Amino acid sequence: MELQVSGTVCPIPVLKTKKALDSMSEGEELIVIGDYKPALENITRFAEERGHTVVSAEETENGFKIIIKK
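Just so it is clear, the structure is predicted and the values come from calculations on it, not from any experiment. (Residues numbered from 1 in each chain as written. Predicted model: local features only at pLDDT ≥ 70, side-chain atom pairs only at ≥ 80, totals over all residues. Heavy atoms only, no water.)

K.L.:
I keep staring at the overall build of the chain and nothing clicks. Help me out?
P.N.:
Scanning the chain from N- to C-terminus turns up 2 helices and 4 strands. Helices and strands in the chain line up, N terminus first, as β-α-β-α-β-β. On C-alpha atoms alone, the chain measures out to a radius of gyration of 11 Å, which is about the 11 Å that the 2.2 N^0.38 rule sets for 70 residues. Overall, the chain is about 30 × 20 × 20 Å in size when its C-alpha atoms are taken along their principal axes. Per-residue burial over the chain gives 36% buried out of 70 residues. Looking at the chain, you have 9 positive and 12 negative side-chain charges, and the mean spots of the two groups are 6 Å apart. (Helix = DSSP H or I, 4+ residues; strand = E, 2+ residues; numbered from the N terminus. Rg over C-alpha atoms; globule rule 2.2 N^0.38 Å. Buried < 20%, exposed > 50% of the residue type's maximum accessible area, 1.4 Å probe, protein only. Lys, Arg positive; Asp, Glu negative; His and termini not counted. Charge placed at Lys NZ, Arg CZ, Asp CG, Glu CD.)

K.L.:
Looking at this structure, how should I read the sheet that holds strand β3 (residues 53-60)?
P.N.:
The strands making up a sheet associate through hydrogen bonds between their backbones, and the pairing can be parallel or antiparallel. Taken in spatial order, the 4 strands line up as β1-β2-β4-β3 in an open sheet, and their pairing is mixed. The open sheet has two edge strands, β1 (2-4) and β3, and neither has a second partner. Strand-to-strand twist of the sheet, defined as the mean angle between neighbouring strand axes without regard to direction, takes the value 15°. One ladder, built from 7 bridges, connects β3 with strand β4 (residues 63-69); its direction is antiparallel. When the bridges of β4 are listed, alanine 57 appears paired with isoleucine 66. Together, β1, β2 (29-34) and β4 form the strand contacts of helix α1 (residues 12-22), whose direction differs from that of β2 by roughly 160°. Sitting on the sheet, helix α2 (residues 38-49) is in contact with β2, β3 and β4, with an inclination near 10° to β4. (Pairing = 2+ DSSP bridges. Axes fitted to C-alpha atoms, helices over the stretch in contact; angles between N-to-C directions. Contact = heavy atoms within 4.5 Å.)

Now the structure itself:
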C-alpha cells in the first residue's frame, strides 16, 4: 500500500501513517511518501515504537520515502 502525505505537516503525516497501518494485515508493507522532512524521523520513530519494521527510510530529492512492514 502507498500513502502520500505530501503537503501536510506534523502531526498529520504520523496520524495518517497510523490509520493506514491499523487497516493493514501483519506482514504487509506500507510505503509513505512525503515532502515535510521532519516527518521522516517522526514516522520512523513512531513505527519502531509500535513494533513495526522500518525496511528503509531515506531522504529523496523532493522529501522522503519510508517503507514500513507491519
